[in-house]
Amino acid sequence: MKKQQLKKTIMGIDIGGTKIACALVSSGKLASPVYTARTPRGEKILSVVSKFYEQFSRKYLISGVGISTAGMVSDHGRIVGSTGNIPGWQGTKVKEILQKKYRLPVVVENDANAAAYAEYQIGSARGANPLLMITLGTGVGGGVVVNGRLVRGAHFAGGEIGHIKLSYTKQRRCTCGRYDCLEAYASGNGLLALIKHYFPDKYKKISTRDLFRLARLKNKSSIFAIRAVEDWHFYIALGICNLFQVFDPEKIVLSGGLSEEVNINYLVKETGKLLLPALSKSVRIEKSRLGNNAGLLGAALLASQSL
Ligand SMILES: [Zn+2]
């Protein structure tokens, strides 16, 4: 059977803590359905990647592989740290192993960085320079694109914005083991801490979803929920302000499950109040429209550029 060849067909893969997603990508667009598999431990992930590769390569000529993964990734495509919830993944020489196996260019990138790159190339802030992306979910992550290139940093921690500090008072412990990181305030866990603060008697019964629903009611019963949601916006604004003063982004993109709950106009206003007065009207924030496929698409775009 003759293999179909699309222009620069890349296999894009996103390796997360619970699932691995894979699809073919051509010219920045999905060229196949997105298939998923559960994330196994450590190097077994590579066997899942290989299964996807075998299935796709039977039908298509694949020009390269782009992998977006949780964890910090070295310039040589090795997983060097903070691997989220994937035990045994750290230390894996992903790029080296797969490149040898497939004899194809393989690009490996941190998932938030890959997603930021997708936003820059095909997302809601196309061409923005600089572009700052902030992911709000169980944790807080992000990516920075300057002059069309990802800021990867000298220690591969560029864009790890969840761990900038919002306070020096050691009030709130972060998942990283330190205190008062943006992630400890602006993530889902940060919201749970706000619920505990405003609803000390019934916090176990209120989910983050309930909190936003209650705040939207805008009646007498929602006053504490409204305060909690405003506090949450204020923490995000503080984080954006600190980053804004460093990068002066043309646009900021919010992604991740919790970004859907952000009131953009309110956040823009609150951020403007914190910035240097000359910058107070310069804040542009958009929500991501690429959704869960941003990492996979971004990794594929990076791989297609390496061809
Ligand atoms: Zn932290």
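For the structure itself, look to the data block above.
This text gives an overview of the structure that appears in the document. Predicted model, so just to flag it, every value in this text is computed and none were measured.

1. Regarding the pairing of strand β12 (residues 251-255)
Within β12, four of the five residues are buried, which leaves it mostly tucked inside the rest of the structure. In terms of strand pairing, strand β9 (residues 131-136) meets β12 through five bridges, oriented parallel. Across the sheet, residue M133 finds its bridge partner in β12, namely V253. Two elements, β12 and strand β13 (residues 285-287), share three bridges in a ladder whose sense is parallel. By the bridge assignment, V253 is partnered in β13 with E286.

2. What about the pairing of strand β8 (residues 106-110)?
When you tally the buried positions in β8, you get five out of five residues, the bulk of the element. Neither face of β8 is open: one carries V106, V108 and N110, the other V107 and E109, and all of them are buried. Note that strand β5 (residues 64-69) and β8 share five bridges and pair parallel. Bridging across to β8, T69 finds its partner in N110.

3. Looking at the sheet that holds β9
Read across the sheet, five strands follow the order β11-β10-β9-β12-β13 without closing on themselves; strand pairing throughout is mixed. Single-partner strands in this sheet number two, and they are β11 (149-150) and β13. Sheet strands in contact with helix α3 (residues 111-122) are β9, β10 (140-146), β11 and β12, and its direction is about 50 degrees off that of β10.

Cut-offs applied
Each chain carries its own residue numbering, running from 1 in the written order of its sequence. Note on the predicted model: pLDDT of at least 70 is required for a residue's local features to be given, and 80 or more for side-chain atom pairs to be given and counted; whole-chain, interface and lining totals, by contrast, use all residues. Hydrogen atoms and water are omitted, and side-chain values are computed over all heavy atoms in the structure. When accessible area is computed with a 1.4 Å probe and restricted to protein chains, residues below 20% of their type maximum are described as buried, those above 50% as exposed, and intermediate ones as partly exposed. A helix here means a DSSP run of H or I that spans at least four residues, while a strand means a run of E at least two residues long, and both kinds are numbered starting from the N terminus. A pair of strands is considered paired only if DSSP assigns at least 2 bridges between the two. Note on contacts: a residue pair is in contact if any heavy atoms of the two residues lie within 4.5 Å. Here an angle of 0 to 180 degrees is reported between the N-to-C directions of two axes, which are lines fitted to C-alpha atoms, with helices fitted over the stretch in contact.

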